[in-house]
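A closer look at the structure
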Amino acid sequence: MIGKLKVYADRMSQPCRAVLIFCRLNGIDFEEIKVDISKRHHLSPEFTEVNPLQKVPAILHGNLNLFESHAILVYLSSAFPGIADHWYPTDVFKRAKVNSVLDWHHSNLRYGEVNYVSNTVLGPALGRPLNPKAAAEAEKVLLSSLSKLENIWLNGDGRFLLGNFQPSIADLSLVCELTQLEVLDEKDRSRILSPYKKVVGWIEDTRTATNPHFEEVHNILYRAKKKFQQQRSRIAESGTETSNNMGRHSKM
Amino acid sequence: MIDRREEKEERKMKLKVYADRMSQPSRAILIFCKVNGIDFEEIHIELSKRQQLSPEFQAINPFKKVPAIVDGRFNLFESHAILIYIASAFPGVADHWYPADVSRKAKIHAVLDWHHLNLRRGAAGFVLNTVLAPLLGLPLNKEAAAEAEKVLTSSLSTIENIWLKGDGQYLLGGFRPSIADLSLVCEIMQLQLLDEKEHDRILDPHKKVQTWIASTRNATKPHFDEVHNVLYKLKLRLSLKQSSQADGERKSGIKGPIISKM
């Protein structure tokens, strides 16, 4: 018998959340091992054994160690019994389409979102200077990606990506990426997301389809969101930048 | 004897690969199809003439990118998704390309995923911002080139020290190539467009990588070189330009590289 699945994760990391929600939703028996990025646990020799690229999420399953969240989600869909087909369809055509969204994601939604959030909120929280140029470039990629989601990926009869009636691992991965926008200033977040009605609806649908696990796994993010909001109002009130030690960031 | 209508239907059903051989992921698909004896039609989409923006091609791929395939009524883009589809949907594709074993398959997925924001971003960004931009009438972006170089050298180190670990000479210690080897090697081949000194500076430190490129090329011959012909021709044109430029500099004593160096 293969040993229990171990999932190495930091819940501030978008791809980690996708893997955790997937496991809990599908009743997979696993142990969650916290790797605190803000405390640089991912650089420890112990974790480097698990993943030489020092990134989360990573899993250990018997003899297999695996990283890259999409590879993990694909593996879990195939390796564990009783997982509903809609997550990663066995039909070769449907599967290919899911693969194409998963591929597109890296250089588009993920790239845009990560760089935008880190150059506006999360980076400065770690004492890095604001980089408006990088933020502007990232925003272009983010908005273009949202537009593609709105006008192409969410086309079809169903409410999920590719017009599907049920979520796939692609929905989970991309929605967990978009929830990271919660740490932005409310006005900024609304400015970015609200033009995309289908996208907003789809985020809700994915959340509903995966609750209560979705909410539970996102708890840390919501707490971080509150902290950032409080910090922003303090700065607004005092009119000066206070040095801060938020210490939380996602680095993937 | 097949009548005209049946012939037309059959032609419609044949796999169509929309590609530009200057595009690294396009080359991976073409080589894969040829090596595996897949019956297909290659349809050239000339990126330098912006043919990917035509309404006809947009109907095939609304993202306006190559490579893209049409198989009967099924369209698909994103080269990794295409490679996986072809490996799964066409009979006679040897297992080592995309193993049925769930764990080995998972590892290949991990490399394919890692590739996008690492090797691809670094290599494509570096070549674009040093060599290709002037050819496409785009401004050179030194900052972008420097950033891309960082990502490129870091990625090559990762391949050298982590991905090529193991007993075999292919990625993940494999003894035979997988779709990941084909995808990544085609990406690195774009570096052929750099001038000789730059190319060597970047690749020389990575001995395993060099061996691996040669192995992959060997395992897929003669198709590998045949598909890369367009790239080799451009490389030759560029190096002739460089040497005549160098001659000109020597004669006039003025320095002015055609290809921007960092």
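Residues numbered from 1 in each chain as written. Chains lettered and ligands numbered in written order. Predicted model: local features only at pLDDT ≥ 70, side-chain atom pairs only at ≥ 80, totals over all residues. Heavy atoms only, no water.

**Describing the overall build of chain A**
Each helix and strand counted, chain A has 10 helices and 4 strands in total. Secondary structure of chain A in N-to-C order comes out as β-α-β-α-β-β-α-α-α-α-α-α-α-α. Summarising its shape, the C-alpha atoms of chain A cover approximately 60 × 45 × 30 Å along the three principal directions. Considering chain A as a whole, with its 252 residues, one finds that 53% of them fall into the buried category. Per element, the accessible surface of chain A, about 11,100 Å² overall, is 51% carbon and sulfur. Looking at charge distribution, chain A has the averaged site of its 32 positive side-chain charges lying 3 Å from that of its 28 negative ones. (Helix = DSSP H or I, 4+ residues; strand = E, 2+ residues; numbered from the N terminus. Buried < 20%, exposed > 50% of the residue type's maximum accessible area, 1.4 Å probe, protein only. Areas by Shrake-Rupley, 256 points an atom, 1.4 Å probe, with all protein chains shown as cover. Lys, Arg positive; Asp, Glu negative; His and termini not counted. Charge placed at Lys NZ, Arg CZ, Asp CG, Glu CD.)

**A closer look at the confidence of the model for chain B**
All names here are of chain B. Residues with a pLDDT of 70 or more make up 91% of chain B, whose mean pLDDT is 91. Per-residue pLDDT stays below 50 along residues 258–262; that stretch engages in 16 contacts with residues further than four places along the chain or on separate chains. Interface predicted TM-score (ipTM) for the complex: 0.92; the corresponding pTM is 0.92. (pLDDT = per-residue confidence, 0-100. Contact = heavy atoms within 4.5 Å.)

**With respect to the interface of chain A and chain B**
Bring the parts together and some accessible area is lost; that lost area is often taken as the interface size. Taken together, the contact between chain A and chain B spans 29 residues of the former and 28 residues of the latter. Note on chain A versus chain B: buried area summed over both sides is about 2,500 Å², and carbon and sulfur give 71% of it. At the boundary of chain A with chain B, the tally comes to 1 salt bridge. The shortest N-O distance in the salt bridge between Glu143 of chain B and Lys133 of chain A comes to 3.5 Å. Connecting chain A to chain B are 5 residue pairs in polar contact (both at pLDDT 80 or more). Sorting the residues of the side of chain A that touches chain B by element identifies strand E4 (64–67), helix H3 (69–79), helix H4 (92–125) and helix H5 (132–153) of chain A as the ones contributing at least two each. When residues in the side of chain A that touches chain B are grouped by element, the largest group, 11 residues, is from H4 of chain A. Per-class residue counts for the side of chain A that touches chain B are 17 nonpolar, 7 polar and 5 charged. (Buried area = accessible area lost by both parts, 1.4 Å probe. Salt bridge = Lys/Arg side-chain N within 4 Å of Asp/Glu carboxyl O. Polar contact = N/O pair within 3.5 Å; in protein donor to acceptor, adjacent residues only side chain to side chain. Nonpolar A, V, L, I, M, F, W, Y, C, P; charged D, E, K, R; others polar.)

**Details of the sheet that holds strand E2 (residues 30–34) of chain A**
Residue and element names in this part refer to chain A. Pairing within the open sheet is mixed, and its 4 strands lie in the order E2-E1-E3-E4. Looking at the sheet topology across the chains shown, the edges are occupied by E2 and E4. Taken pair by pair, the neighbouring strands of this sheet meet at an average axis angle of 20 degrees, ignoring direction. In the sheet, strand E1 (residues 5–9) pairs with E2 via 5 bridges, with the strands oriented parallel. When the bridges of E2 are listed, Leu5 appears paired with Phe30. Sheet strands in contact with H3 are E1, strand E3 (58–61) and E4, and its direction is about 130 degrees off that of E4. (Pairing = 2+ DSSP bridges. Axes fitted to C-alpha atoms, helices over the stretch in contact; angles between N-to-C directions.)

**Thoughts on the domain arrangement of chain A**
Residues and elements named next belong to chain A. On domain assignment, one finds that chain A holds domain 1 (5–79) and domain 2 (92–248). One C-alpha centre belongs to domain 1, the other to domain 2, and the line joining them spans 20 Å. Counting residues at the interface gives 18 residues for domain 1, matched by 25 residues for domain 2. Across the contact surface, domain 1 and domain 2 share 2 salt bridges. Between Arg24 and Glu216 there is a salt bridge; the shortest N-O distance is 2.9 Å. Between domain 1 and domain 2 we count 11 residue pairs in polar contact (both at pLDDT 80 or more) in total. Those elements that place two or more of their residues in the side of domain 1 that touches domain 2 are helix H1 (14–25) and H3. (Domains from an automatic or database assignment.)

**Re empty space enclosed by the protein**
Counting across every chain of the model gives 3 cavities of 30 Å³ or more. Estimated volume of the largest cavity: approximately 80 Å³. Together, His70, Val74, Asn99, Leu102 and Asp103 of chain A together with His80, Ala81, Ile84, His109, Leu112 and Asp113 of chain B line the largest cavity. For the lining of the largest cavity, the secondary structure elements donating two or more residues are H3 and H4 of chain A together with helix H4 (79–89) and helix H5 (102–135) of chain B. Taken together, the residues that form the lining of the largest cavity break down as 5 nonpolar, 4 polar and 2 charged. (1 Å grid on protein atoms, 1.4 Å probe; cavity = no way out; pocket = protein on both sides within 12 Å on 5 of 7 lines; lining within 4 Å. Points joined across faces, edges and corners; volume = space filled by probe spheres on them.)

**Overview of H1 of chain A**
With 12 residues, H1 of chain A should cover 16 Å at 1.5 Å per step; its first-to-last C-alpha distance of 17 Å lies within 8% of that length. Counting buried positions along H1 of chain A yields 10 of 12 residues, so the element is predominantly enclosed. (Expected span 1.5 Å × (residues − 1).)

**So, the environment of Ser173 of chain A**
All names here are of chain A. Mapped onto the elements, Ser173 comes out in helix H6 (residues 169–179). Separated by 73 residues in sequence, Ser173 and Ser100 place their C-alpha atoms 13 Å apart. Beyond its immediate sequence surroundings of up to four residues, Ser173 is in contact with Ala18, His70, Leu73, Leu102 and His105.

**Comments concerning the sheet that holds strand E4 (residues 74–77) of chain B**
Residue and element names in this part refer to chain B. Spatial strand order, E2-E1-E3-E4: 4 strands in an open sheet with mixed pairing. Bordering the open sheet on either side are strand E2 (40–44) and E4, each of which pairs with just one other strand. Pairwise comparison of adjacent strand axes, ignoring direction, gives a mean angle of 20 degrees for this sheet. Pairing of strand E1 (residues 15–19) with strand E3 (residues 68–71), which is carried by 3 bridges, proceeds in the antiparallel orientation. Counterpart to Lys16 in the pairing with E3 is Val70. Against the sheet, H4 makes contact with E1, E3 and E4, and its axis sits at roughly 130 degrees relative to E4, the strand it touches most.

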